[in-house]
Amino acid sequence: MSRVVVISADCHAGALPATYNEYMPKRFHDAAGAWWLAYAREMYSRAGTFFDQEAVEAYAGQAGEGGGRMRAFSDPGTRLADADILGMLSDASSPFAPRRGEFDAAVRTRELDDDGIAGEVIFPQMAPFGAGLMQYRYAVTPEQSFAGCQAYNRWLADLCRANPRRHAGVALIDVEDIETTVKEIRAAKDMGLWGGVLLPTSTGAHPFYHHPRYEPLWAVCAELDMPLQSHSGWSPDYGDTGSSTAMFISEVDMWAQRPFTALLWSGAFERHPTLKYMLTETGVGWVVEKLRVLEFKSANPIFRHFSKSLSLSPTEYFARNCYIGASFMTGHEGSFRHAIGVDRLMWGSDYPHLEGTWPNTMKSLHDTFGKYPEDEIRAILGLNAAKAYGFDLDALAPVAARIGPSIAAIRGEA
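Parameters at a glance
Residues numbered from 1 in each chain as written. Predicted model: local features only at pLDDT ≥ 70, side-chain atom pairs only at ≥ 80, totals over all residues. Heavy atoms only, no water. Helix = DSSP H or I, 4+ residues; strand = E, 2+ residues; numbered from the N terminus. Buried < 20%, exposed > 50% of the residue type's maximum accessible area, 1.4 Å probe, protein only. Contact = heavy atoms within 4.5 Å. Areas by Shrake-Rupley, 256 points an atom, 1.4 Å probe, with all protein chains shown as cover. Phe/Tyr/Trp six-rings, centres within 6.5 Å; stacked < 30°, edge-to-face > 60°. Lys NZ or Arg CZ within 6 Å of the ring centre and 35° of its normal. Pairing = 2+ DSSP bridges. Polar contact = N/O pair within 3.5 Å; in protein donor to acceptor, adjacent residues only side chain to side chain. Core = buried A, V, L, I, M, F, W, Y, C linked by side-chain atoms within 4.5 Å. Arc of directions from axis to C-beta. Axes fitted to C-alpha atoms, helices over the stretch in contact; angles between N-to-C directions.

Peer 1: Would you mind showing me how to read the overall build of the protein chain here?
Peer 2: Helix and strand counts for the protein chain come out as 18 helices and nine strands. Taken across its 414 residues, the protein chain has 55% of its residues classed as buried. The contacts of the protein chain with a sequence gap of at least 6 include a subset with a gap of at least 24, amounting to 77%. Carbon and sulfur atoms make up 55% of the accessible area of the protein chain, which totals about 17,000 Å².

Structure (C-alpha cells):
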C-alpha cells in the first residue's frame, strides 16, 4: 500500500486512580488511597526537577489540555494540602491525574489518528500500589502488589476492547509468587492482552532473573507467545539530594537493560527458542557494545564454562529472540541500525509523554527517517512490530490508508 503502516511499540495508558477501585476488592481501597497520596506527594515534591519550564511551555503550546496540566505540575510554587491532592487524583483536569487520552478510548483513538499511528503497544502508566513498577519508597504487601497488577490488567483489557486490533496491551506482573504470576499471565492473555508481560526491573528481596525460580515464567510466555518486556522507569532510590533526579535519568536505561544478560547466561533463550524479549525505551546504541563484550567473554577460553550449555553465541541469541523498542529514535541512534539489525528495531512515539514525539510525530519521523530507504522506513515504523507482536496487517491496512503518512511526507517531499 502507498501509506506507511505505523505501529508505535511504546505508548502508555492509565486510569484515574479511583477508577481502579472498580477492579479491586474493597478491602484494598483505603490502602490504595494512602499509596496514591504518598505517590502524588513525592511527584509534587519533585516539581521542576525533571523538565525545565522552557521545555514545558513549548510542550504546552502543542499539547492543549495535557500541556496545561504539565505546566501546572512543573510549577514549584504550587502548594496543595493532602485533601486537595486526594480530590485531584480523580479530576482529569488536574496535574496529578492521567491526561484524558490515557484512559478515554475515544480521545485516545483521535490523538493516535492525528499522529498517523495505526497500531500501538500499551505500557502501564499510574498503576495501583506501583504494581511491580515503583515500590521501593512505600511499604506494599505482596497481596497489595498483586491486587494492583490484577486491577490494572483488567482495566487495560477493557480499554483495549474499544479497538482490539489496534491496541496490544502489556500485562503487569510481580514476582512474589511465581505460580500465581503464571496464572495471571494466562488470565491476561485470555482477557485479550496480547502485547506481552512487563518484567519488573527489580526483583526486590528475591534473586535476579538468572535464578531457576523464574523458569515457569519463561515457559508460559513462550507457550502463549506473550513477549517478555523490559521498559525503563525503575531505579534504586537515589534520595532527595539536588542531583537525585539527574542520577535517575542517567541510569534508568541501565537497570532495564540488565535482564538481557540474565536471560542469556541462564539459558532461558536456549531452552525456549521461540521466547521473545523486547527492550523498550532502553536506548539503542548500547546494544552494539554490550554484544561485543558478551562475545568476548563467551569466546575467551578462560570463561568457556559460561557457554557450556549454550548452542548459540550472544549475538545469535539476540538476533533470534530479542527486539529493541526504539522509542522516539533519533538520527544518531538510527546510525546503529545495520550493526544491530534493521529487523530488530521497532519505533515508538512514547505517547503521551513529554519526552516522546506526540503530538509532533511527523516532524520527528522526517528528522530521523527522511533519508532512509523505503524498505527500512516501513520495517522500523511498523512491519517489524507487526511481526514481533502479531498485529493483523490486513486489519490495520484501512486505518493506515486513512491516517498513515506517505513515504513522500516522511521524506519531506509532500
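Peer 1: Would you mind showing me how to read the packing of aromatic side chains here?
Peer 2: Note on aromatic pairs: each is described by the distance of the centres and the angle between the planes. Counted according to the given criterion, the structure contains 20 aromatic pairs. On the basis of an interplanar angle of 50° and a centroid distance of 5.7 Å, the ring pair of Tyr152 and Trp155 is categorised as tilted. Placement of both Tyr152 and Trp155 in helix H6 (residues 142-160) is noted, with a separation of three residues, approximately one turn of the helix. Across this residue pair, the class does not change: Tyr152 and Trp155 are buried. With centroids separated by 6.4 Å and ring planes inclined at 40°, the aromatic side chains of Phe269 and Tyr277 adopt a geometry described as tilted. Summarising the burial analysis for this pair, Phe269 and Tyr277 share the class buried. Members of the aromatic cluster, each reached through a chain of ring pairs, are Tyr20, Trp35, Trp36, Tyr152 and Trp155. The side chain of Arg258 reaches across the aromatic face of Phe208, ending 4.1 Å from its centre.

Peer 1: Help me understand the pairing of strand S1 (residues 7-13), please; the structure alone is not making it clear to me.
Peer 2: Both faces of the sheet carry side chains from a regular strand, because those side chains alternate between them. The element S1 is extensively covered by neighbouring structure, given that seven of its seven residues are classed as buried. Summarising the sheet, S1 and strand S2 (residues 119-124) pair through five bridges and their orientation is parallel. From the neighbouring strand, Cys11 faces S2, where its bridge partner is Ile122.

Peer 1: I keep staring at unusual backbone geometry and nothing clicks. Help me out?
Peer 2: Residues apart from glycine generally show negative phi values, whereas peptide bonds are mostly found in trans. With an omega of 0°, the peptide bond running from Tyr351 to Pro352 counts as cis. Structurally, Pro352 is set in the loop between strand S9 (345-348) and helix H15 (361-369). Cis geometry marks the peptide bond from Trp358 to Pro359; its omega dihedral reads 5°. Assignment of secondary structure puts Pro359 in the loop between S9 and H15. Positive phi, normally seen in glycine, also occurs at Phe129, with a value near 60°. Mapping Phe129 onto the fold places it in the loop between S2 and H6.

Peer 1: Teacher, can you tell me more about the environment of Thr315 here?
Peer 2: Assignment of secondary structure puts Thr315 in helix H12 (residues 314-321). Linking Thr315 and Val287, residues 28 residues apart in sequence, is a C-alpha distance of 9.7 Å. If we skip the residues at most four places from it in the chain, Thr315 touches Leu291 and Glu295. Side chain to side chain, Thr315 and Glu295 meet in a polar contact 2.7 Å long.

Peer 1: What should I look at first to understand the side chain of Ser327 in this one?
Peer 2: Inspection of the secondary structure puts Ser327 in strand S8 (residues 322-327). Looking at Ser327, its side chain comes within polar contact range of the side chain of Asp10, at 2.7 Å. When sequence neighbours within four positions are dropped, the list of residues in contact with Ser327 reads Asp10, Thr280, Glu281, Glu333 and Gly348.

Peer 1: Would you mind going over the pairing of strand S7 (residues 277-280) with me for this structure?
Peer 2: With burial as the criterion, each face of S7 is covered, one bearing Tyr277 and Leu279 and the other bearing Met278 and Thr280. Sheet topology note: the strand S6 (residues 228-231)/S7 ladder contains four bridges and is parallel. Within the sheet, the bridge partner assigned to Leu228 lies in S7 and is Tyr277. Here four bridges tie S7 to S8, and the two strands are oriented parallel to one another. By the bridge assignment for S8, Tyr277 is matched with Cys322.

Peer 1: What should I look at first to understand the nonpolar core in this one?
Peer 2: The tendency in soluble globular proteins is for nonpolar side chains to be buried as a group. Of all hydrophobic cores here, the largest spans 112 residues; its most connected members are Trp218 and Phe369. Counting residues per element, this core draws most heavily on H6, which supplies nine residues. Not counting residues up to four positions away in its chain, the partners in contact with Trp218 are Leu199, Tyr209, Leu228, Leu263, Ala268, Arg271, His272 and Leu275.

Peer 1: Help me understand H15, please; the structure alone is not making it clear to me.
Peer 2: Two residues of an α-helix separated by three or four positions point the same way, owing to the 3.6 residues in each turn. Those residues of H15 that fall on the buried side of the exposure criterion are Thr361, Ser364, Leu365, Thr368 and Phe369. Each buried residue of H15 lies within a common arc of 100° when the element is viewed along its axis, so the set occupies one face. Its buried side turned inward, H15 meets helix H13 (331-334), S9, helix H16 (374-389) and helix H18 (407-410).

Peer 1: Teacher, can you tell me more about the sheet that holds S1 here?
Peer 2: Sheet strands line up and pair through hydrogen bonds in the backbone, either parallel or antiparallel. Here three strands make up an open sheet; going across it, the order is S1-S2-S3 and the pairing parallel. Of all the strands in the sheet, the pair left with one neighbour each is S1 and strand S3 (167-169). Here the strands of the sheet are splayed against their neighbours by 30° on average, with no regard to which way each runs.

Peer 1: Looking at this structure, how should I read the sheet that holds S7?
Peer 2: Taken in spatial order, the six strands make up an open sheet running S4-S5-S6-S7-S8-S9, and their pairing is parallel. On the outer flanks of this sheet lie strand S4 (171-172) and S9, each paired with one strand and no other. Against the sheet, H12 contacts S7 and S8, and its axis sits at roughly 70° relative to S8.

Peer 1: Is there a simple way to think about the environment of Arg213 in this case?
Peer 2: With respect to the helices and strands, the residue Arg213 is situated in the loop between strand S5 (197-198) and helix H8 (215-224). Considering only alpha carbons, one finds Arg213 and Val175, 38 residues apart in sequence, at a separation of 9.7 Å. Once you skip the residues sitting within four places of it in the chain, Arg213 turns out to touch Val175, Glu176, Ile178, His206 and Pro207. Separated by 3.4 Å, the side chain of Arg213 and the backbone oxygen of Glu176 make a polar contact.

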